[in-house]
Each structure stands twice: as structure tokens, then as C-alpha cells.
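Inside the fold
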Amino acid sequence: MSDLDIYKAQGFAGTMGLGRAPALLVVDFVEGFTDPAHFGGGNIRDAIAKTVPLLALAREIGLPVAHTRVVYADDGSDAGAFCLKAPGLKKLTETSPLGQIVPDLAPIAGELVVRKRQASAFFGTELAGWLAFRRVDTVLVTGCTTSGCVRASVVDACSHNFRTVLVTDCVGDRAIGPHEANIFDMGQKYADLSTSDALIAALRGRKAA
């Protein structure tokens, strides 16, 4: 019996579906995660490139858009256990070039920029309330890293009872093994999986209808 057969036999991989009010979440696509000398590598740059047209469409059709950044105080005084495992994250301060959102995905007026100190976009932030106020029922997740902050954000989106769609070619990781394993696992438990092309087609078709 294959891994997939085991999950299927146990009743995993149900479908959440695309709700009536999606929002786009762009997790930690900042300069430091494009550079293998810091936190990047793997397929992160490719994921950024695939996110560009999806973000453009979200803006065109008026979807709420939220971005996240990891931001610590200059003196590291607000760092916690996360930074015991990854002390280099303390380099991601408000003004550090490494912590700035990449220009291709730079936020525009009306979009939320979440500053976070933990992996999840939801933990200790205003994101859930911001989405709820806009009556969002579905969170479309892009960003990096797949095995880290993306996964934590997907699990928390599901935990907040948002329908959750992981856009598989718009997420990236510094290593491909964890990337692929986590996409598989999230697809079984916490999110629907979609390519950006399929999602763009679905969103355009809905707008046309």
C-alpha cells in the first residue's frame, strides 16, 4: 500500500472548496529569503515569479491582500524561542534590507503588512481579525518557506475555520525535500492544493460569471 493509499483509506484529503470571499496571503517573500547566503535558495525565486501574476489578478478583481514580514527589534529584545532554533532571524529588523518585501511583490495602499515574530502569520497578529472584518471565508496562501512559515500559516488558517488553498507553485523552500513533503501533508490535512494557473482561471471565471 502506498503512502497515498494509506491516507485515502483513512479518509484524508477532503475538499474545502473555494468560498465566496477569498483573500490572498503572501508569506515572508522578503529579500533575505531570496539569498542562499542568508535564508534562501531552493525554488523560492521561482515561487516569487509565479506569485506576481496572481497578486496582479487579486488586485484587479479587488481581493483583500495581506503580506507578512518577520521583524525583530534592533537589539533583539523581543526575540523568543523561535530565535533559539534560528538565531539568524534576528537580522530581520524593521530597516534591514534583508527584511524588506521583494520589489516585484511590494504592497500597495490598502494592503495589510503583518509584522510577526513567530512562524505563523496568525500567531500574535491582527491578521485573523482583519480577514474576519472583511468577511473573508477563504485564504489563498503563497510564500516561503513551505515547511516553515507557510505551513504554520496554513495550519492556523484552517484552525481559524478559513477555507484554505495552498498555491503549490507560489510557495518555495530552501530545500526541495521538505517542500514536497509538506505540500503533500498539507494537502491531506489542512488545505486544498492548486497551481497558480488553475487558481487564476477559477478566479477569472468567477468574475466573468
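Presented here is an overview of the structure given in this document. (Residues numbered from 1 in each chain as written. Predicted model: local features only at pLDDT ≥ 70, side-chain atom pairs only at ≥ 80, totals over all residues. Heavy atoms only, no water.)

1. Regarding the nonpolar core
If you look at the biggest cluster of nonpolar residues, it comprises 32 residues, and the most contacted ones within it are Leu 24, Phe 29, Leu 54, Leu 92, Leu 105, Leu 140 and Leu 203. Among the secondary structure elements, those contributing two or more residues to this core are β1 (22–27), α2 (44–61), β2 (65–70), β4 (138–144), β5 (163–172) and α7 (196–208). With seven residues, the top contributor of residues to this core is α2. Look past the residues within four positions of Leu 140 in its chain and what remains in contact with it is Leu 18, Pro 22, Ala 23, Leu 24, Leu 25, Leu 63, Val 165, Leu 199 and Leu 203. The next biggest cluster of nonpolar side chains, apart from the first, holds 26 residues, and it includes Val 114, Ala 119, Leu 166 and Met 186. (Core = buried A, V, L, I, M, F, W, Y, C linked by side-chain atoms within 4.5 Å. Buried < 20%, exposed > 50% of the residue type's maximum accessible area, 1.4 Å probe, protein only. Helix = DSSP H or I, 4+ residues; strand = E, 2+ residues; numbered from the N terminus. Contact = heavy atoms within 4.5 Å.)

2. A look at α2
Residue pairs three or four apart in sequence face the same way in an α-helix, which turns once every 3.6 residues. Compared with the 26 Å implied by 1.5 Å per residue over 18 residues, the 26 Å span of α2 between its first and last C-alpha is a close match. Approximately 30° is the largest bend angle found in α2, and it occurs at Thr 51, with the proline Pro 53 only one to four residues beyond. By the burial criterion, the buried members of α2 are Ile 44, Ala 47, Ile 48, Thr 51, Leu 54, Leu 55, Leu 57 and Ala 58. (Expected span 1.5 Å × (residues − 1). Bend = angle between axes of the 7 residues up to and from the residue.)

3. Comments concerning the sheet that holds β4
Adjacent strands of a sheet pair through backbone hydrogen bonds, lying either parallel or antiparallel. Strand order in the open sheet made by the six strands is β3-β2-β1-β4-β5-β6, with parallel pairing throughout. Of all strands in the sheet, those with a lone pairing partner are β3 (112–116) and β6 (192–194), marking the two edges. Mean inter-strand twist for the sheet, computed between neighbouring axes without regard to direction, equals 25°. Judged from the five bridges that link them, β2 and β3 form a sheet pairing that is parallel. Bridging across to β3, Val 70 finds its partner in Lys 116. Along the sheet face, α2 touches β1, β2, β4 and β5 and points at about 130° away from the line of β5. Against the sheet, helix α5 (residues 146–159) makes contact with β1, β3, β4 and β5, and its axis sits at roughly 170° relative to β5, the strand it touches most. (Pairing = 2+ DSSP bridges. Axes fitted to C-alpha atoms, helices over the stretch in contact; angles between N-to-C directions.)

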